[in-house]
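Breakdown of the fold
Here's the letter readout for the chains.
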Amino acid sequence: MNDMQFPVYRGHLEYRCLGCGARHGIDALLYTCPACGGVLLLEDTGFEKLKEYSGAAWRQVFDSRAGTRNSALRGIFRFYELMAPVLEQEDIIYLGEGNTPIIEASPALQNNVGARFAFKNDGQNPSASFKDRGMACAFSYVKALARKQQWDSVLTICASTGDTSAAAALYAAYVGKPVTSVVLLPRGRVTPQQLSQPLGSGAMVLEMPGVFDDCMKVVEILASRYRVALLNSKNSWRILGQESYAYEAAQWYGWDLAETAFFVPVGNAGNITAIMSGLLKLYALGIIETLPRIFGVQSAHADPVYRYYAQEPTTRRYEPVAVTASAAQAAMIGNPVSFPRVQFLAERYLELAGADSFQVVRVSEQAIMDSMLEANRHGHIACTQGGECLAGLRVALAAGLMRPGERALLDATAHALKFADFQSMYFTDSFPPEYGIRAKQERVNAPRLVLSPEARETMSREEYINAAAGAVAAALELQERQ
Ligand code: F0G
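Residues numbered from 1 in each chain as written. Predicted model: local features only at pLDDT ≥ 70, side-chain atom pairs only at ≥ 80, totals over all residues. Heavy atoms only, no water.

1. Concerning the sheet that holds strand β13 (residues 407-412)
Threshold: Two strands qualify as a pair provided DSSP detects at least 2 bridges between them. Secondary structure elements are taken from DSSP: a helix is a run of H or I of four residues or more, a strand is a run of E of two residues or more, and numbering for both begins at the N terminus. For helices, the axis comes from a line fit to the C-alpha atoms of the stretch in contact; other axes are also lines fit to C-alpha atoms, and the angle between any two N-to-C directions lies between 0 and 180 degrees.
Taken together, the six strands give an open sheet; going across it, the order is β4-β5-β13-β10-β11-β12, and neighbouring strands pair in mixed fashion. With partners counted over all chains shown, the strands left at the sheet margins are β4 (102-104) and β12 (358-363), one partner each. Averaged over neighbouring strand pairs, the angle between their axes works out to 25° when direction is ignored. Pairing of strand β5 (residues 116-121) with β13, which is carried by six bridges, proceeds in the parallel orientation. Across the sheet, the residue bridging to Lys 120 is Asp 411, located in β13.

Listed below in structure tokens is the structure:
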């Protein structure tokens, strides 16, 4: 295959309402169904045509693209035909997203946990979280629309717990005219590192007191009344892009996901929606022969999806919850916008892959922090939500939900550095009481000063360096060379 070739297949995408079943064209950017207000998913009505090729043929197409130098196909669009096969090459934005590594958990860590598992490091995306997958797709579509409709300005807006805003601002800054970016954040509920990202990208950053759910309601009102492009995962183009996580994972494991369980932290529920949707497409085309099992993971401080699935199937009712402070702050959401999508896809998933193929587990705040720190002490770069996944694996193991020999793939959704302040609160045992997290001394680490500031002032430079070398040697109890 010519390395620079672009796929020829074009699909016919439509919004499908999960409420009333209505279908709408993609020439207008929709977030909810104009007929009933329901949540939408994008569907390729030409998907059946893709079945003219065998699963093996598709595997070969995607494998042959893995080394391409065509940047339009280098990231998430390696899986172009499965995702957004209406975009033209000129509209595709590539900032190095996707292709994140799957890192086998260190042998010692696997031994501690008592399971075979790996992390997919989605913190190694350009804005250091998985959100870039969805933004690459959503911004490519926005760019295409702006080009076709000759818009001279597009104001993009999102509510965020910190990572959506970082990604949206980054892609908006790259695209430039006519796109500008505004982000709405719950004041004091995003980390300083996350806050620095949209500021650095030049977005307009608005803050309001409250939690993410409040900000989300505000941007929903804005998107329904004014001409703004909403970039939360309510925007179905985001979901399409995030399906790439599932495609990459399947490809990495040689398209064989038998005896595999995916652990996914659930906040607004866009990520778990996308992963299930992507896996169902792979399965429908015979690209994978077995669906992996899916475990959603939620903190006890933000657990509406867990609560729903914990109820008796015939009588269960969905209720939003009021969240309380969580170290998995990026997923601290009480009323996930994508819940109807999860419901819809989980039903299909359970039908195809069996009664235990989709489950949600709940973890404690203490376990989230302990697990994150333990992972990172073993050479990983998990964020608090990655820690949440590891805590979820432990809950599943303890409850006997894992099968013997089954391997787990944990989504480390962001980079550890974004959550440095949570690590420091742990190390100084200073979590406010509402988190319910206490430091375990064996996990604590702190810098040690080897010489006093006065020593620096009173000695010559040579004396000082020698004294410092002596102090370091004493602290380490080093033996002198013979
Ligand atoms: N992990 C991280 C690092 C996140 O930023 C988020 C969501 C999640 C997990 C949960 O994923 O919402 O798709 O279920 N962050 C959003 C934001 C809400 O605004 O950055 P989800």
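Next comes the rest of the account.
2. A few points about the nonpolar core
Among soluble globular proteins, nonpolar side chains are generally buried collectively. Let me state the cut-off plainly: Put simply, a nonpolar core is a bunch of buried Ala, Val, Leu, Ile, Met, Phe, Trp, Tyr and Cys residues held in one set by side-chain atoms that sit within 4.5 Å of each other. Working definition: with a 1.4 Å probe on protein chains only, accessible area under 20% of the residue-type maximum means buried, over 50% means exposed, and in between means partly exposed. Two residues form a contact once any of their heavy atoms are found within 4.5 Å.
Trp 237, Phe 262 and Leu 279 are the most contacted members of the largest nonpolar core, which has 103 residues in total. Of all the elements, helix α4 (residues 131-149) adds the most residues to this core, at ten residues. Residues within four places of Leu 279 in sequence aside, it is in contact with Ala 246, Leu 257, Phe 262, Ile 288, Leu 291, Pro 292, Ile 294 and Tyr 349. Judged by nonpolar contacts, the second largest core, of 41 residues, contains Phe 295, Val 297, Leu 390 and Phe 422.

3. Quick look at the site of the ligand
Heads up, the rule is: Proximity is defined per residue: any heavy atom of the residue falling within 4 Å of a molecule or strand makes that residue near it. Polar contact is defined as a pair of N or O atoms within 3.5 Å, subject to the rule that within protein one atom must be able to donate a hydrogen and the other to accept it, and that residues adjacent in sequence are counted only when both atoms are side-chain atoms. Computed with the Shrake-Rupley method and a 1.4 Å probe, the accessible areas treat only the protein chains shown as cover for residues.
Inspection of the region around the ligand gives 19 residues, with Asp 163, Thr 164, Asn 268, Ala 269 and Thr 413 positioned closest. Separating an oxygen atom of the ligand from a backbone N or O atom of Gly 270 is a distance of 3.1 Å. Contact distances for the ligand include 2.7 Å between a nitrogen atom and a side-chain N or O atom of Thr 413. Considering the ligand on its own, with 470 Å² of exposed area, one finds that the protein chains cover 99% of that surface. Secondary structure elements with two or more residues in the shell around the ligand: α5 (163-175) and α10 (270-284).

4. Observations concerning the side chain of Arg 443
Mapped onto the secondary structure, Arg 443 falls in the loop between α15 (420-427) and α16 (453-458). Assessed through its relative accessible area of 17%, Arg 443 is described here as buried. Arg 443 has contacts with Asp 370, Leu 373, Glu 374, Arg 377, Tyr 426 and Phe 427, leaving out every residue within four places of it along the chain.

5. Considerations on the environment of Ala 414
Locating Ala 414 in the fold gives a position in the loop between β13 and α15. Ignoring anything within four residues of it in the chain, the contact list for Ala 414 reads Gly 123, Ala 128, Ser 129, Asp 163, Ile 381, Ala 382, Cys 383 and Phe 419.

6. With respect to the packing of α4 against α5
We count it as follows: Note on angle classes: values under 35 degrees are labelled roughly parallel, values over 145 roughly antiparallel, values of 65 to 115 roughly perpendicular, and the remainder oblique. Each crossing gets its hand from how the near helix is turned against the far one by less than a right angle, where anticlockwise is left-handed and clockwise is right-handed. Polar here means any residue other than Ala, Val, Leu, Ile, Met, Phe, Trp, Tyr, Cys and Pro, which are nonpolar, and Asp, Glu, Lys and Arg, which are charged; Gly is therefore polar.
Packing of α4 against α5 leaves a shortest axis separation of 9 Å and a crossing angle of 40°. Between α4 and α5, the angle is such that the two are oblique. Of the two elements, α4 crosses α5, and the hand of that crossing is right-handed. Counting all contacts with α4, which are made through Lys 131, Asp 132, Met 135, Ala 136, Phe 139 and Lys 143, the residues of α5 involved are Asp 163, Thr 164, Ala 167, Ala 168, Leu 170, Tyr 171, Ala 172 and Val 175. Taken together, the residues of the contact of α4 with α5 sort by class into nine nonpolar, one polar and four charged.

7. Here we look at the sheet that holds strand β8 (residues 204-208)
Within the open sheet, the four strands sit side by side as β8-β7-β6-β9. Their pairing is parallel. Lying at the two open borders of the sheet, with one neighbouring strand each, are β8 and β9 (229-230). Contacting β6 (154-159) and β7 (179-186), α5 crosses the sheet at an angle of about 165° to β7. Across the sheet, helix α7 (residues 212-225) is in contact with β6, β7, β8 and β9; its angle to β6 comes to roughly 155°.

8. Things to note about unusual backbone geometry
Looking along the chain, the bond that leaves Lys 177 and enters Pro 178 is cis, with omega of 0°. Here Pro 178 shows up in the loop between α5 and β7. In this model, Asp 429 sits at a positive phi of 50°, which is unusual for a non-glycine residue. With respect to the secondary-structure elements, Asp 429 resides in the loop between α15 and α16. Looking at Asp 429, the relative accessible area reads 29%, which means it is partly exposed.

9. A few points about the domain arrangement of the protein chain
In plain terms, the rule: Segment limits for the domains were obtained from an automatic or database-derived domain assignment.
With domains assigned, the protein chain is organised as domain 1 (102-126 + 242-442) and domain 2 (448-482). A C-alpha centroid distance of 46 Å is found between domain 1 and domain 2.

10. Topic: the packing of helix α9 (residues 244-252) against α10
Following both chains from N to C, one finds α9 and α10 inclined at 50°, their axes separated by 7 Å at the closest point. It follows from the interaxial angle that α9 and α10 lie oblique. Pair α9 / α10 crosses with right-handed handedness. Facing Tyr 245, Ala 246, Tyr 247 and Ala 250 of α9, the residues of α10 in contact are Ile 275, Gly 278, Leu 279, Lys 281 and Leu 282. Residues that form the contact of α9 with α10 fall into these classes: seven nonpolar, one polar and one charged.

11. What about the state of the cysteines?
Put simply, the rule is: The rule for a disulfide is simple: a pair of cysteine sulfur atoms within 2.5 Å.
One pass over the full model with this rule turns up zero disulfides. Left unpaired, Cys 33 is separated from the closest cysteine sulfur, that of Cys 17, by 3.8 Å. Residue classification places Cys 33 among the buried residues on the basis of a relative accessible area of 3%. Left unpaired, Cys 389 is separated from the closest cysteine sulfur, that of Cys 383, by 8.0 Å.

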